[in-house]
Amino acid sequence: PGLFESVSRLRDQTFKDGALSAKTKYLIAMALDAAHGAAGGVGALARQAVEHGAAKEQIMEALHVAHYISGVGSVYTASLGLAELFG
């Protein structure tokens, strides 16, 4: 229980509005998960980005950056992660 509470506090601190909006932070995290092959993370973070006001076009643009930096594998990962959200 203590570990879960600690991780939850860290998540809350990380994704709160600051110099970057929560939406922007979720888009960055989603792009990182796409670059690292974490399809489940892409889907979860995209949903959270949408909950914080992200449009589909913003999600696609963030993934375009991941593709440019990390290659085509991020596109494959993103397609798996977004299938439920945009399928």
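All figures in this text were calculated on a predicted structure; none of them were measured in a lab.

## Some thoughts on the nonpolar core
Membership of the largest hydrophobic core comes to 19 residues, with the highest contact counts inside it found for Leu27, Met30, Ile59 and Leu63. Taken together, the elements giving at least two residues each to this core come down to α2 (22-35), α3 (39-51), α4 (56-70) and α5 (73-86). With 7 residues, α2 is the largest single contributor of residues to this core. Among all residues touching Leu63, those that are not within four sequence positions of it are Met30, Ala31, Ala34, Ala78 and Leu82.

## Remarks on the packing of α3 against α5
At a minimum axis separation of 7 Å, α3 and α5 run at an interaxial angle of 50°. By the angle between their axes, α3 is oblique relative to α5. When the axes of α3 and α5 are compared, the crossing they make is right-handed. Where α3 approaches α5, its residues Ala39, Val42, Gly43, Ala46, Arg47 and Val50 are matched on the opposing element by Thr77, Ala78, Leu80, Gly81, Leu82 and Leu85.

## Thoughts on the environment of Gly53
Of note, Gly53 is situated in the loop between α3 and α4. On the accessibility criterion, Gly53 (48% relative accessible area) is partly exposed. Between the C-alpha atoms of Gly53 and His36, which are 17 residues apart in sequence, the distance is 24 Å. Sequence-distant contacts of Gly53, defined by excluding residues within four places in its chain, comprise Lys23 and Gln58.

## Regarding the pattern of salt bridges
Inspection of the entire model under this criterion finds 1 salt bridge. Residue Arg11 pairs with Asp12 through a salt bridge whose shortest N-O separation is 3.4 Å. Judged by relative accessible area, which is 39%, Arg11 ranks as partly exposed. Residue class for Asp12 comes out partly exposed when judged on its relative accessible area of 46%.

The rules behind the values
- Residues numbered from 1 in each chain as written.
- Predicted model: local features only at pLDDT ≥ 70, side-chain atom pairs only at ≥ 80, totals over all residues.
- Heavy atoms only, no water.
- Core = buried A, V, L, I, M, F, W, Y, C linked by side-chain atoms within 4.5 Å.
- Buried < 20%, exposed > 50% of the residue type's maximum accessible area, 1.4 Å probe, protein only.
- Helix = DSSP H or I, 4+ residues; strand = E, 2+ residues; numbered from the N terminus.
- Contact = heavy atoms within 4.5 Å.
- Axes fitted to C-alpha atoms, helices over the stretch in contact; angles between N-to-C directions.
- Parallel < 35°, antiparallel > 145°, perpendicular 65-115°, else oblique.
- Left-handed = near helix turned anticlockwise from the far one by under 90°.
- Salt bridge = Lys/Arg side-chain N within 4 Å of Asp/Glu carboxyl O.

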